[in-house]
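# Chain and residue survey
Chain by chain, the residues:
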Amino acid sequence: MAEKRATLGFSGIAVGGAALLLALVHFWAGPFAPQPTLETTVAQKAAAIRQATISALQGRANQETVKPNWNADRVTRVTTASLCGLALILSILSFALREPGRVSAGGAILGVSAVAFQFSAMYAMALLVVLLIAAVLSGFGFG
């Protein structure tokens, strides 16, 4: 019996590997777009929270719309997520076509690993910003 070719599975591994590599490069070498300093960001967020609190206490509605901007960092995150999804789809198709299980699983594991790394890094940074904002607000006497 001839062994099946695992074309879709190996494609899933390649795409999942590229996604994981892109996520790692973005984490270690990024951000690629110019970023405001941490002090500026925390001060702006603290001032915005203070102003929103005052507006809410006075009964005024504070409606501010933020227009999303596309920069190199956002494109990198979206590309990583797209590659992760493609790796998972290729792995599922590989499994459905009864290609070898190790190959199918390899692409799925790489895709899930890239997405998990991206989410964990994003939430760790968000937690750090929240802690810094809380520290600044407590310095203003709001905590």
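Residues numbered from 1 in each chain as written. Predicted model: local features only at pLDDT ≥ 70, side-chain atom pairs only at ≥ 80, totals over all residues. Heavy atoms only, no water.

### Here's the deal with the layout of surface pockets
- The space that makes up the largest pocket amounts to roughly 1300 Å³.
- For the largest pocket, the lining is made up of 34 residues, of which Pro31, Gln35, Arg77, Met122 and Met125 are closest to its centre.
- Every element with two or more residues in the lining of the largest pocket is listed here: helix 1 (7-29), helix 2 (38-58), helix 3 (72-96) and helix 4 (101-140).
- Sort the elements by how many residues they give to the lining of the largest pocket and helix 4 lands first, with 10 residues. (1 Å grid on protein atoms, 1.4 Å probe; cavity = no way out; pocket = protein on both sides within 12 Å on 5 of 7 lines; lining within 4 Å. Points joined across faces, edges and corners; volume = space filled by probe spheres on them. Helix = DSSP H or I, 4+ residues; strand = E, 2+ residues; numbered from the N terminus.)

### Some remarks on unusual backbone geometry
- Omega for the bond connecting Gly30 with Pro31 falls within 30 degrees of zero, at 0°, which places this linkage in the cis form.
- Inspection of the secondary structure assignment puts Pro31 in the loop between helix 1 and helix 2.
- The phi torsion at Arg98 lies on the positive side, around 60°, for a residue other than glycine.
- Structurally, Arg98 is set in the loop between helix 3 and helix 4.

### Points about a nonpolar patch on the surface
- The grouping of Leu24, Phe27, Trp28, Met125 and Leu128 at the surface amounts to a nonpolar patch, some 520 Å² of accessible area in total.
- When residues of the nonpolar patch are assigned to their parent elements, the largest contribution, 3 residues, is made by helix 1.
- Here Met125 shows up in helix 4.
- Residue class for Met125 comes out partly exposed when judged on its relative accessible area of 45%. (Patch = residues over 30% accessible without salt bridge, like charges linked within 9 Å, V, L, I, M, F, W, Y side chains within 5 Å. Areas by Shrake-Rupley, 256 points an atom, 1.4 Å probe, with all protein chains shown as cover. Salt bridge = Lys/Arg side-chain N within 4 Å of Asp/Glu carboxyl O. Buried < 20%, exposed > 50% of the residue type's maximum accessible area, 1.4 Å probe, protein only.)

### Points about the environment of Ile89
- In this fold, Ile89 is placed in helix 3.
- The spacing of Ile89 and Gly9 is 80 residues in sequence and 9.8 Å in space, taken between C-alpha atoms.

### A short note on helix 2
- For helix 2, built from 21 residues, the straight-helix expectation of 30 Å at 1.5 Å per residue is met to within 8% by its first-to-last C-alpha distance of 30 Å.
- Inspection of helix 2 places Val42, Ala46 and Ser55 among the buried residues, and these make up the whole buried set.
- Against the buried residues of helix 2 lie helix 4.
- Positive phi appears at Gly59, one or two residues downstream of helix 2, with a value of about 85°. (Expected span 1.5 Å × (residues − 1). Contact = heavy atoms within 4.5 Å.)

### Thoughts on the side chain of Ser94
- Structurally, Ser94 can be placed in helix 3.
- With near-sequence residues (within four places) excluded, Ser94 lies in contact with Leu8, Gly9, Glu99 and Ser104.

### A closer look at the packing of aromatic side chains
- Applying the stated criterion across every chain, the model contains 3 aromatic pairs.
- Here the aromatic rings of Phe27 and Phe117 are separated by 5.3 Å at their centres, their planes lie at 80°, and the arrangement is edge-to-face. Within this pair, whereas Phe27 is found in helix 1, its partner Phe117 is found in helix 4, the two being separated by 90 residues in sequence.
- Judged by its relative accessible area of 24%, Phe117 is partly exposed.
- Look at Phe119 and Tyr123: their rings are 6.2 Å apart centre to centre, the planes differ by 15°, and that puts the pair in the stacked class. Here the residue Phe119 and the residue Tyr123 both occupy positions in helix 4, the gap between them amounting to 4 residues, near one helical turn.
- Assessed through its relative accessible area of 44%, Phe119 is described here as partly exposed.
- Tyr123 sits in the exposed class, given a relative accessible area of 52%. (Phe/Tyr/Trp six-rings, centres within 6.5 Å; stacked < 30°, edge-to-face > 60°.)

From the geometry alone we can't say anything about function, so treat these as descriptive.
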